Amino acid sequence: MHTTASDGRLEPAALVDRARDAGLTTIAVTDHDTTQAIDEVSRLAGADQIRVVPGIEVTSVDEGRDMHLLAYFVDHHDAALGEFLARQRERRLDRVRDVAARLSKLGIPVDVEALIARARAKPGTAIGRPWIARALVRAGHASSVAEAFDRWLGQGQPAYVPRIGPSPTDVFATVHAAGGVVSFAHPGVTKRDELLAPLAEAGLDAVEVYHSDHTPEARAWYRAVAGALGLGVSGGSDFHGVGETRAVLGLVHLPPDEFEALEARATRRAAQAGR
Ligand code: AMP
Ligand code: ZN
C-alpha cells in the first residue's frame with residue numbers, strides 16, 4: 001500500500017484506520033523509493049495488533065523502460081539502502097522538473113516548485129508523476145489522473161521524460177544486503193515476461209501474482225511462471241487511496257502459506273547477508 005510519503009492519498013494514521021476497518025491483520029507499506037512512512041505505520045498499527053512488513057516499490061530501469069521491483073522484509077534503517085533511495089528521490093526531483101518544462105512548452109504551465117517544496121517539507125518524501133497529474137486535474141487541464149497520463153505523462157506522450165535509474169541487479173544487491181527479498185511488481189501490467197527467467201537467474205526472489213489489476217487468468221499464469229522458475233509469490237492491493245486507480249484496500253490477499261514462504265526466503269537472504 002502507498003501513503004503520502006509517495007503517491008498515496010492517505011497519511012499513515014488514515015491508512016491504518018482503513019486497514020483495521022477492513023479486518024486486515026498483516027499489511028505492507030511499499031511507497032515508491034522511500035521508507036518514510038514505515039515507522040509511523042508500524043507504531044500505529046501495532047496498537048491494533050496489525051503486523052507491518054517493511055516494503056518499498058523501487059523503480060529500476062531496464063532498456064529505458066521502468067520496472068517496478070517490490071522489496072519486502074528489508075531492514076528499512078539500513079544505511080546503504082537509505083543512500084540508494086535518497087539518490088532515487090533526487091532523480092525524481094530532476095525528472096518532475098523536466099516534465100514540467102515540457103508541459104510549459106506545450107502551453108500548460110504547472111507550478112512544479114510548489115510541488116517540490118511540498119516534497120521537501122518532509123524529508124524522505126518521494127515526488128512522482130501522479131503529483132503533476134493531480135495538479136493538472138486541479139487546474140482543469142485534465143478531468144482525471146488517468147487522462148493526464150494518457151494525454152501527457154505516460155510513456156510515448158508529449159511530456160514523457162525517460163528515466164535514469166538503477167538496473168534490476170543493482171536493486172537485488174541493495175535489497176539483499178538489507179536482508180530483504182525482491183518481487184517483480186504487477187507483471188501483468190509491466191508486460192515483460194521474457195525478462196522473468198533471466199531476472200530469476202540474477203537474483204529475483206518472487207513474482208507478484210496477486211494484484212488489483214491482474215485478471216484471474218493473469219494470476220494463474222504468473223503463479224505457474226513462478227513455480228517453473230523456482231520463485232516465490234507476493235501479492236497486494238497496490239492501494240493508493242480512494243479516487244485513485246487501485247482504490248480498494250484489502251481487495252487482494254496473499255494466502256498465509258505463500259506469505260510464510262516469502263518470509264522464509266527473506267530469512268535466508270538475511271542470513272546470507274550476515275544478518
Ligand atoms: P512515477 O513514479 O513518477 O514513474 O509515476 C508512476 C506512478 O504513477 C505509478 O506507480 C502509478 O501509481 C501512477 N500511474 C502510472 N500510470 C498511470 C495511469 N495511466 N493512470 C494513473 N496512474 C498512473
Ligand atoms: Zn504509485
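Preceding block: the structure.
Residues numbered from 1 in each chain as written. Chains lettered and ligands numbered in written order. Predicted model: local features only at pLDDT ≥ 70, side-chain atom pairs only at ≥ 80, totals over all residues. Heavy atoms only, no water.

## Quick word on the nonpolar core
Across soluble globular proteins, nonpolar side chains have a tendency to be buried as a group.
Here is step 1 of the chain: One finds Leu69, Tyr72, Phe73 and Leu204 to be the most contacted residues of the largest nonpolar core, which totals 41 residues.
Here is step 2 of the chain: Contact partners of Tyr72, with chain neighbours within four places excluded, come to Ala28, Thr30, Val53, Pro54, Gly55, Gly180, Val181, Ser183, Glu208, Ser234, Gly235 and Leu262.
Here is step 3 of the chain: Counting 24 residues, the second largest nonpolar core, distinct from the first, contains Val99, Ile108, Ala133 and Leu136. (Core = buried A, V, L, I, M, F, W, Y, C linked by side-chain atoms within 4.5 Å. Buried < 20%, exposed > 50% of the residue type's maximum accessible area, 1.4 Å probe, protein only. Contact = heavy atoms within 4.5 Å.)

## With respect to the packing of helix α1 (residues 12-21) against helix α2 (residues 38-46)
Here is step 1 of the chain: Interaxial distance between α1 and α2 falls to 9 Å at its minimum, and their mutual angle equals 40 degrees. In terms of axis orientation, α1 runs oblique to α2. Classified by chirality, the crossing of α2 by α1 is right-handed. On α2, the residues that touch Pro12, Ala13 and Val16 of α1 are Glu40, Val41, Leu44 and Ala45.
Here is step 2 of the chain: Partitioning the contact of α1 with α2 into residue classes produces six nonpolar, no polar and one charged. (Axes fitted to C-alpha atoms, helices over the stretch in contact; angles between N-to-C directions. Helix = DSSP H or I, 4+ residues; strand = E, 2+ residues; numbered from the N terminus. Parallel < 35°, antiparallel > 145°, perpendicular 65-115°, else oblique. Left-handed = near helix turned anticlockwise from the far one by under 90°. Nonpolar A, V, L, I, M, F, W, Y, C, P; charged D, E, K, R; others polar.)

## Some remarks on the coordination of the zinc ion (ligand 2)
Here is step 1 of the chain: Taken together, Asp7 (OD), Asp7 (OD), His32 (NE2) and His240 (NE2) make up the protein donors of the zinc ion (ligand 2), found 2.0 to 2.6 Å from the metal.
Here is step 2 of the chain: Binding-site remark: the zinc ion (ligand 2) is held by donors from one chain whose sequence spacing is D-x24-H-x207-H. You can see Asp7 sitting in the segment before α1 and its partner His240 sitting in the loop between β6 (232-236) and α11 (256-272), a full 233 residues away along the chain. You'll find Asp7 and His240 in the same group, each marked buried. (Donors = N, O, S within 2.8 Å, 3.2 Å for Na, K, Ca; no water.)

## Here's the deal with the site of ligand 1
Here is step 1 of the chain: As a structural note, the neighbourhood of ligand 1 is formed by 15 residues, with His32, Arg92, Arg129, Pro130 and Arg163 the closest of them.
Here is step 2 of the chain: Arg92 places a side-chain nitrogen or oxygen 2.9 Å from an oxygen atom of ligand 1.
Here is step 3 of the chain: With the chains in place, 81% of the 490 Å² that ligand 1 exposes on its own is no longer accessible.
Here is step 4 of the chain: Of the pockets mapped on this structure, ligand 1 occupies the largest pocket.
Here is step 5 of the chain: Among the elements of the structure, β3 (65-72), α3 (79-105), α5 (129-138) and α6 (145-153) are those that each provide at least two residues to the shell around ligand 1. (Near = heavy atom within 4 Å. Polar contact = N/O pair within 3.5 Å; in protein donor to acceptor, adjacent residues only side chain to side chain. Areas by Shrake-Rupley, 256 points an atom, 1.4 Å probe, with all protein chains shown as cover. 1 Å grid on protein atoms, 1.4 Å probe; cavity = no way out; pocket = protein on both sides within 12 Å on 5 of 7 lines; lining within 4 Å. Sits in = over half its atoms within 2 Å of the grid points.)

## A short note on the sheet that holds strand β4 (residues 181-184)
Here is step 1 of the chain: What the six strands build is an open sheet, ordered β1-β2-β3-β4-β5-β6; its pairing is mixed. Strands at the two margins of the open sheet, each flanked by one partner only, are β1 (26-29) and β6. In this sheet, adjacent strand axes meet at a mean angle of 40 degrees when their direction is disregarded.
Here is step 2 of the chain: Sheet topology places β1 next to strand β2 (residues 51-62); four bridges connect them, and they run parallel. (Pairing = 2+ DSSP bridges.)

## Comments concerning the side chain of Thr190
Here is step 1 of the chain: Within the secondary structure, Thr190 is located in helix α8 (residues 187-190).
Here is step 2 of the chain: Among the residues examined, Thr190 registers a relative accessible area of 14% and is labelled buried.
Here is step 3 of the chain: Apart from residues no more than four positions distant in its own chain, Thr190 is found in contact with Arg65, Asp66, Phe184 and Ala185.

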